[in-house]
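Spelled out, the chains give:
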Amino acid sequence: MSSAKVSIVIPVYNSEKYIEKCLDSVVAQTFRNIEIILVDDGSKDSSGRICDAYASRDDRILVIHQQNQGVAAARLCGFRASHAESILFIDSDDYVDAAMTERLLSAMERYDVDMVSCQYMEERKGRVTKMPIRPRLGMYDRKQIENLLKTDFLYNIKTHMAGMNVYLVMKLIKRQYVEETLEQGLGLWYGEDMACVLSLLYRISSFYVIPDYLYIYRRYGGQVTHKIVPELIDGYCLTIDKICKIDEKGYLKKQLPYRCFNTLALLNRNMIWNGMPCSAFKKQVEQNYSCIVGRFALDGDPGDYLFKDRIKLFLISNRHYTLYFILLKLLGYKK
């Protein structure tokens, strides 16, 4: 059995352009007592071979090859093959600071918490930008976790962002909470991390947020959330339905409309970006707002929205889809 103190689980799927930089950053961790579990989730490119090559040079690396089952199942597979009492997830197209594991583990041991979260930067077209610190730095006990869930976990009406980043990556988590957390993401593929992190916050007793920017999240055009595919809305509906089931205490009731509105607004912009004609746009928008996500999106208090979003909400609520299309065109969104 491995004696590693931290298990790093990396699901891999068609990441040949990025996986080497990811793995270089992981094997270079200043904290050496780690095991690295790579789950090749049926990649069709050379990702699997690259993983095997790294494993042949570093005995801390275990590679698992499986048929494509999705990121949630790949993470769960990697977790079940792990041994350490603390688990860290990294995505194969991202990369991390060499001190990430050391600083997360140090905070976990110092403050005796169930999870530690760091800050992240986004890399887009070679430019790296620090993202806002969310939530506030420092210690969260059970009462403070519940307050976070009640107030702005999914949406903060002042910042118009989620009050916490809802990614599973950039978080070191105690083993006892991981399996059930990952199981909440099974069968989901768009926004599944929200369901997982929500489930995690429902069960842990404490966590700590450190100020260090240690994770670099890549943004690029090939990601699923930047594409228009017919299944996107259906996928997000499944996630929102799961979130409603997890949120048995109703913490998120007032936040869900704003989260859903922002998500649909992004998809609507994508349709414009991709040159969708007005007739097709109107038909798709009609469909988008007839499902559970759309119904939530129209249920928010207009007074909590930015002015331009109030206009969008009015146009959509009154089915003025042509005017909505013209508005998005005038706003001049670009990729």
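The shown structure was predicted, so the numbers you read here are calculated from the model rather than taken from an experiment.

S.K.: Just checking my understanding: could you explain the overall build of the protein for this structure?
M.R.: Of regular secondary structure, the protein possesses 13 helices and 10 strands. In terms of C-alpha radius of gyration, the protein reaches 20 Å, essentially the compact-globule figure of 20 Å for 335 residues. Taken over the C-alpha atoms alone, the protein extends approximately 60 × 45 × 35 Å along its principal axes. Within the protein, the fraction of its 335 residues that count as buried is 55%. A separation of at least 24 residues holds for 78% of the contacts in the protein among residues at least 6 apart in sequence. Looking at the protein as shown, the accessible area adds up to about 15300 Å², and 51% of this sits on carbon and sulfur atoms. Between the averaged position of the 46 positive side-chain charges in the protein and that of its 40 negative side-chain charges there is a distance of 8 Å.

S.K.: Just checking my understanding: could you explain unusual backbone geometry for this structure?
M.R.: Residue Pro-135 is bonded to the preceding Arg-134 through a cis peptide linkage, with omega at -10 degrees. Position of Pro-135 relative to the elements: it lies in the loop between strand E7 (127-130) and strand E8 (138-140). For His-160, which is not glycine, the phi dihedral falls at a positive 60 degrees. With respect to the helices, strands and loops of the structure, His-160 is situated in the loop between helix H5 (142-151) and strand E9 (171-174). A residue is classified by how much of its surface remains accessible, and His-160, at 21% relative accessible area, is partly exposed.

S.K.: Would you mind going over the pairing of E9 with me for this structure?
M.R.: The side chains of a regular strand alternate between the sheet's two faces. Inspection of the sheet shows strand E4 (residues 86-89) paired to E9 by three bridges, in the antiparallel sense. When the bridges of E9 are listed, Leu-88 appears paired with Leu-172.

S.K.: What's the story with the pattern of salt bridges in this structure? I'm lost.
M.R.: Any two side chains of opposite charge can pair, given that their charged atoms come close. Here the structure, examined in full by the defined rule, presents 17 salt bridges. A salt bridge links Lys-174 to Asp-112; the shortest N-O distance between them is 3.6 Å. One end of the pair, Lys-174, is in strand E9; the other, Asp-112, is in the loop between helix H4 (100-111) and strand E6 (115-124), with 62 residues separating them in the sequence. Take Asp-112: its relative accessible area is 57%, and that puts it in the exposed class. A salt bridge links Lys-245 to Asp-241, with the nearest nitrogen and oxygen atoms 3.2 Å apart. Taken together, the residues span about one helical turn, with Lys-245 and Asp-241 both in helix H8 (residues 231-246) at a distance of four residues.

S.K.: Help me understand the side chain of Lys-171 in this model?
M.R.: Within the secondary structure layout, Lys-171 lies in strand E9. Among the polar contacts listed, one links the side chain of Lys-171 to the backbone oxygen of Tyr-167, at a separation of 2.5 Å. Not counting chain neighbours up to four residues away, the residues in contact with Lys-171 comprise Ile-87, Leu-88, Phe-89, Met-115, Val-116, Ser-117, Met-164 and Asn-165.

S.K.: I'm lost on the packing of H8 against helix H9 (residues 256-273) in this one. Help?
M.R.: Each packed pair of helices is defined by two parameters, the angle between the axes and the distance between the axes. The interhelical angle for the contact between H8 and H9, taken along N-to-C directions, is 165 degrees, at an axis separation of 12 Å. One element, H8, and the other, H9, form an angle in the roughly antiparallel class. For H8 against H9, the interelement crossing comes out right-handed. Across the interface between the two elements, Leu-232, Ile-233, Tyr-236, Ile-240, Ile-243 and Cys-244 from H8 touch Leu-256, Arg-259, Cys-260, Thr-263, Leu-264 and Leu-267 from H9. Looking at the contact of H8 with H9, its residues break down into 10 nonpolar, one polar and one charged.

S.K.: Quick question: what am I supposed to make of the nonpolar core here?
M.R.: Looking at soluble globular proteins, one finds that nonpolar side chains tend to be buried together. Core analysis: the largest hydrophobic core is formed by 105 residues, its most contacted members being Ile-10, Phe-153, Leu-201 and Phe-207. Residues contacting Phe-207, with those up to four places away along its chain left out, are Val-113, Met-115, Pro-135, Gly-138, Met-139, Tyr-140, Ile-145, Leu-148, Met-164 and Leu-201.

About the thresholds
- Residues numbered from 1 in each chain as written.
- Predicted model: local features only at pLDDT ≥ 70, side-chain atom pairs only at ≥ 80, totals over all residues.
- Heavy atoms only, no water.
- Helix = DSSP H or I, 4+ residues; strand = E, 2+ residues; numbered from the N terminus.
- Rg over C-alpha atoms; globule rule 2.2 N^0.38 Å.
- Buried < 20%, exposed > 50% of the residue type's maximum accessible area, 1.4 Å probe, protein only.
- Contact = heavy atoms within 4.5 Å.
- Areas by Shrake-Rupley, 256 points an atom, 1.4 Å probe, with all protein chains shown as cover.
- Lys, Arg positive; Asp, Glu negative; His and termini not counted.
- Charge placed at Lys NZ, Arg CZ, Asp CG, Glu CD.
- Pairing = 2+ DSSP bridges.
- Salt bridge = Lys/Arg side-chain N within 4 Å of Asp/Glu carboxyl O.
- Polar contact = N/O pair within 3.5 Å; in protein donor to acceptor, adjacent residues only side chain to side chain.
- Axes fitted to C-alpha atoms, helices over the stretch in contact; angles between N-to-C directions.
- Parallel < 35°, antiparallel > 145°, perpendicular 65-115°, else oblique.
- Left-handed = near helix turned anticlockwise from the far one by under 90°.
- Nonpolar A, V, L, I, M, F, W, Y, C, P; charged D, E, K, R; others polar.
- Core = buried A, V, L, I, M, F, W, Y, C linked by side-chain atoms within 4.5 Å.

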